[in-house]
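Notes for the structure review
Here is what each chain is made of, one letter per residue.
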Amino acid sequence: MMNILHDPSRSTIRATDGVESAALSTSLLCLVHCLALPMLLVLLPTAAGAFVRSEAFHYVAVGLAAPFALLAFVLGYLRHGAVRPALFGAVGVACLLLALLPGVEHGTSIVITVAGSLLLITGHLINWRLRRHAI
(Lines give C-alpha, C1' and ligand atoms only; values in the text may rest on other atoms or scores of the structure.)
Protein backbone atom coordinates (compact mmCIF):
# COMPACT_ATOMS: atom_id res chain seq x y z
CA MET A 1 0.00 0.00 0.00
CA MET A 2 1.41 3.38 -1.01
CA ASN A 3 1.86 5.92 1.75
CA ILE A 4 0.12 9.09 0.57
CA LEU A 5 2.60 11.27 2.47
CA HIS A 6 5.47 9.93 0.38
CA ASP A 7 3.64 9.86 -2.94
CA PRO A 8 6.01 11.58 -5.41
CA SER A 9 3.13 12.92 -7.46
CA ARG A 10 1.87 14.86 -4.42
CA SER A 11 5.24 16.58 -3.94
CA THR A 12 5.34 17.40 -7.66
CA ILE A 13 1.88 18.92 -7.42
CA ARG A 14 2.93 21.01 -4.40
CA ALA A 15 6.06 22.22 -6.20
CA THR A 16 4.08 23.09 -9.31
CA ASP A 17 1.50 24.90 -7.18
CA GLY A 18 4.34 26.90 -5.63
CA VAL A 19 5.69 27.92 -9.04
CA GLU A 20 2.20 28.83 -10.26
CA SER A 21 1.57 30.84 -7.08
CA ALA A 22 4.82 32.75 -7.51
CA ALA A 23 4.05 33.42 -11.18
CA LEU A 24 0.53 34.58 -10.42
CA SER A 25 1.77 36.75 -7.56
CA THR A 26 4.32 38.54 -9.72
CA SER A 27 1.66 39.17 -12.37
CA LEU A 28 -0.70 40.55 -9.74
CA LEU A 29 2.12 42.69 -8.36
CA CYS A 30 2.63 44.23 -11.82
CA LEU A 31 -1.07 44.98 -12.06
CA VAL A 32 -1.28 46.51 -8.58
CA HIS A 33 1.84 48.56 -9.27
CA CYS A 34 0.39 49.99 -12.48
CA LEU A 35 -2.99 50.76 -10.98
CA ALA A 36 -1.86 51.94 -7.55
CA LEU A 37 1.17 54.02 -8.57
CA PRO A 38 -0.84 57.00 -9.87
CA MET A 39 -2.80 57.14 -6.58
CA LEU A 40 0.40 56.80 -4.56
CA LEU A 41 2.02 59.64 -6.49
CA VAL A 42 -0.99 61.88 -5.80
CA LEU A 43 -1.18 60.98 -2.09
CA LEU A 44 2.54 60.81 -1.32
CA PRO A 45 4.51 62.48 -4.11
CA THR A 46 7.78 62.70 -2.21
CA ALA A 47 7.46 59.29 -0.53
CA ALA A 48 6.75 57.46 -3.79
CA GLY A 49 10.47 57.10 -4.32
CA ALA A 50 12.59 57.06 -7.40
CA PHE A 51 12.76 53.27 -7.63
CA VAL A 52 9.01 52.78 -8.01
CA ARG A 53 8.91 55.32 -10.84
CA SER A 54 12.16 54.27 -12.43
CA GLU A 55 12.71 51.96 -15.34
CA ALA A 56 14.74 49.74 -13.00
CA PHE A 57 11.58 48.68 -11.17
CA HIS A 58 9.95 47.66 -14.44
CA TYR A 59 12.97 45.66 -15.57
CA VAL A 60 13.11 43.88 -12.20
CA ALA A 61 9.37 43.16 -12.31
CA VAL A 62 9.55 41.70 -15.84
CA GLY A 63 12.74 39.86 -14.87
CA LEU A 64 10.80 38.15 -12.07
CA ALA A 65 7.48 37.63 -13.85
CA ALA A 66 8.78 36.20 -17.14
CA PRO A 67 10.86 33.26 -15.80
CA PHE A 68 8.20 32.26 -13.26
CA ALA A 69 5.55 32.43 -15.98
CA LEU A 70 7.64 30.35 -18.37
CA LEU A 71 8.25 27.68 -15.76
CA ALA A 72 4.61 27.62 -14.65
CA PHE A 73 3.31 27.29 -18.21
CA VAL A 74 5.83 24.57 -19.11
CA LEU A 75 4.94 22.57 -15.98
CA GLY A 76 1.26 23.08 -16.68
CA TYR A 77 1.63 21.95 -20.28
CA LEU A 78 3.48 18.82 -19.18
CA ARG A 79 0.56 17.98 -16.89
CA HIS A 80 -2.48 18.88 -19.00
CA GLY A 81 -1.17 19.30 -22.57
CA ALA A 82 -3.15 22.51 -23.30
CA VAL A 83 -1.40 25.33 -25.15
CA ARG A 84 -4.03 28.02 -24.45
CA PRO A 85 -2.66 29.14 -21.04
CA ALA A 86 0.84 29.49 -22.47
CA LEU A 87 -0.50 31.58 -25.36
CA PHE A 88 -2.13 34.00 -22.92
CA GLY A 89 1.12 34.08 -20.97
CA ALA A 90 3.32 34.61 -24.03
CA VAL A 91 1.20 37.54 -25.22
CA GLY A 92 1.18 38.92 -21.65
CA VAL A 93 4.98 38.78 -21.35
CA ALA A 94 5.30 40.28 -24.85
CA CYS A 95 3.13 43.19 -23.69
CA LEU A 96 5.31 43.71 -20.61
CA LEU A 97 8.42 43.76 -22.81
CA LEU A 98 6.77 46.04 -25.37
CA ALA A 99 5.98 48.55 -22.64
CA LEU A 100 9.72 48.76 -21.86
CA LEU A 101 10.75 49.72 -25.38
CA PRO A 102 12.31 53.16 -25.77
CA GLY A 103 9.95 55.75 -27.16
CA VAL A 104 6.76 54.25 -25.72
CA GLU A 105 4.92 57.07 -23.99
CA HIS A 106 4.26 56.69 -20.27
CA GLY A 107 0.46 56.54 -20.56
CA THR A 108 0.68 54.00 -23.37
CA SER A 109 3.13 51.87 -21.42
CA ILE A 110 0.72 51.75 -18.47
CA VAL A 111 -2.12 50.55 -20.71
CA ILE A 112 0.14 47.94 -22.35
CA THR A 113 1.48 46.76 -18.97
CA VAL A 114 -2.00 46.45 -17.45
CA ALA A 115 -3.17 44.48 -20.50
CA GLY A 116 -0.09 42.24 -20.25
CA SER A 117 -0.62 41.65 -16.54
CA LEU A 118 -4.28 40.77 -17.10
CA LEU A 119 -3.33 38.35 -19.88
CA LEU A 120 -0.72 36.71 -17.64
CA ILE A 121 -3.17 36.43 -14.76
CA THR A 122 -5.77 34.89 -17.07
CA GLY A 123 -3.22 32.41 -18.39
CA HIS A 124 -2.16 31.41 -14.88
CA LEU A 125 -5.75 30.93 -13.72
CA ILE A 126 -6.58 28.77 -16.75
CA ASN A 127 -3.33 26.85 -16.23
CA TRP A 128 -4.13 26.28 -12.57
CA ARG A 129 -7.66 25.08 -13.34
CA LEU A 130 -6.48 22.71 -16.09
CA ARG A 131 -3.74 21.28 -13.87
CA ARG A 132 -6.30 20.60 -11.13
CA HIS A 133 -8.56 18.75 -13.54
CA ALA A 134 -5.64 16.72 -14.92
CA ILE A 135 -4.84 15.18 -11.52
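Small disclaimer: the values here were computed from a predicted structure and weren't measured.

Description of the overall build of the protein chain
A count of helices and strands for the protein chain gives five helices and zero strands. Counting only contacts in the protein chain whose residues sit at least 6 apart along the sequence, the fraction spanning at least 24 positions is 80%. As presented, the protein chain carries roughly 8,000 Å² of accessible surface, and 74% of it is formed by carbon and sulfur atoms.

Thoughts on the packing of helix H4 (residues 84–99) against helix H5 (residues 106–133)
Running from amino to carboxyl end, H4 crosses H5 at an angle of 160°, the nearest separation of the two axes being 7 Å. Judged by the inter-axis angle, H4 sits roughly antiparallel to H5. Where H4 crosses over H5, the two elements pack in a sense that is left-handed. When its residues are assigned to classes, the contact of H4 with H5 shows 13 nonpolar, nine polar and two charged.

Thoughts on the confidence of the model for the protein chain
Counting all residues, the mean pLDDT for the protein chain is 79, and 71% of those residues have values of 70 or more. The least confident element of the protein chain is helix H2 (residues 50–53), whose mean pLDDT is 53; the most confident is H4, at 95. Predicted confidence is poor over residues 1–6, with pLDDT under 50, and the contacts of this stretch with residues over four places away or in other chains come to two contacts.

Notes on the nonpolar core
As a rule of thumb, soluble globular proteins bury nonpolar side chains together. Among the nonpolar cores identified, the biggest contains eight residues, and these are Val 62, Ala 65, Ala 69, Phe 73, Val 93, Leu 96, Leu 100 and Leu 120. Take this core: its biggest share by element is four residues, from helix H3 (residues 55–80). Setting aside anything within four residues of it in sequence, one finds Ala 65 in contact with Thr 26 and Leu 96.

Quick notes on a nonpolar patch on the surface
A contiguous nonpolar surface patch, about 610 Å² in accessible area, is contributed by Leu 70, Val 74, Tyr 77, Leu 78, Val 83 and Leu 87. Here the element with the most residues in the nonpolar patch is H3; it accounts for four residues. Take Leu 78: it is sitting in helix H3. For Leu 78, a relative accessible area of 65% gives the class exposed.

Re the side chain of Asn 127
With respect to the secondary-structure elements, Asn 127 resides in helix H5. Classification of Asn 127 as buried rests on a relative accessible area of 0%. Apart from the residues within four sequence positions on either side, Asn 127 is in contact with Glu 20, Ala 72, Phe 73, Gly 76, Tyr 77, His 80 and Pro 85.

Comments concerning the environment of Leu 75
One can find Leu 75 in helix H3. Here the alpha-carbon distance between Leu 75 and Val 19, two residues 56 residues apart in the chain, equals 8.8 Å.

Considering H4
Between its first and last C-alpha atoms H4 spans 23 Å; for 16 residues at 1.5 Å apiece the expected length is 22 Å, and the two agree. Regarding H4, the residues found buried are Pro 85, Gly 89, Gly 92, Val 93, Cys 95, Leu 96 and Ala 99. Buried residues of H4, viewed axially, fall in a sector of 155°; they line one side.

Let's talk about H3
Between its terminal C-alpha atoms H3 stretches 37 Å, which fits the 38 Å expected from 26 residues at 1.5 Å a residue. Those residues of H3 not exposed but buried are Phe 57, His 58, Ala 61, Val 62, Ala 65, Ala 69, Ala 72, Phe 73, Gly 76 and His 80. Phi turns positive one or two residues past the end of H3, at Gly 81, with a value near 75°.

The rules behind the values
Residues numbered from 1 in each chain as written. Predicted model: local features only at pLDDT ≥ 70, side-chain atom pairs only at ≥ 80, totals over all residues. Heavy atoms only, no water. Helix = DSSP H or I, 4+ residues; strand = E, 2+ residues; numbered from the N terminus. Contact = heavy atoms within 4.5 Å. Areas by Shrake-Rupley, 256 points an atom, 1.4 Å probe, with all protein chains shown as cover. Axes fitted to C-alpha atoms, helices over the stretch in contact; angles between N-to-C directions. Parallel < 35°, antiparallel > 145°, perpendicular 65-115°, else oblique. Left-handed = near helix turned anticlockwise from the far one by under 90°. Nonpolar A, V, L, I, M, F, W, Y, C, P; charged D, E, K, R; others polar. pLDDT = per-residue confidence, 0-100. Core = buried A, V, L, I, M, F, W, Y, C linked by side-chain atoms within 4.5 Å. Buried < 20%, exposed > 50% of the residue type's maximum accessible area, 1.4 Å probe, protein only. Patch = residues over 30% accessible without salt bridge, like charges linked within 9 Å, V, L, I, M, F, W, Y side chains within 5 Å. Salt bridge = Lys/Arg side-chain N within 4 Å of Asp/Glu carboxyl O. Expected span 1.5 Å × (residues − 1). Arc of directions from axis to C-beta.

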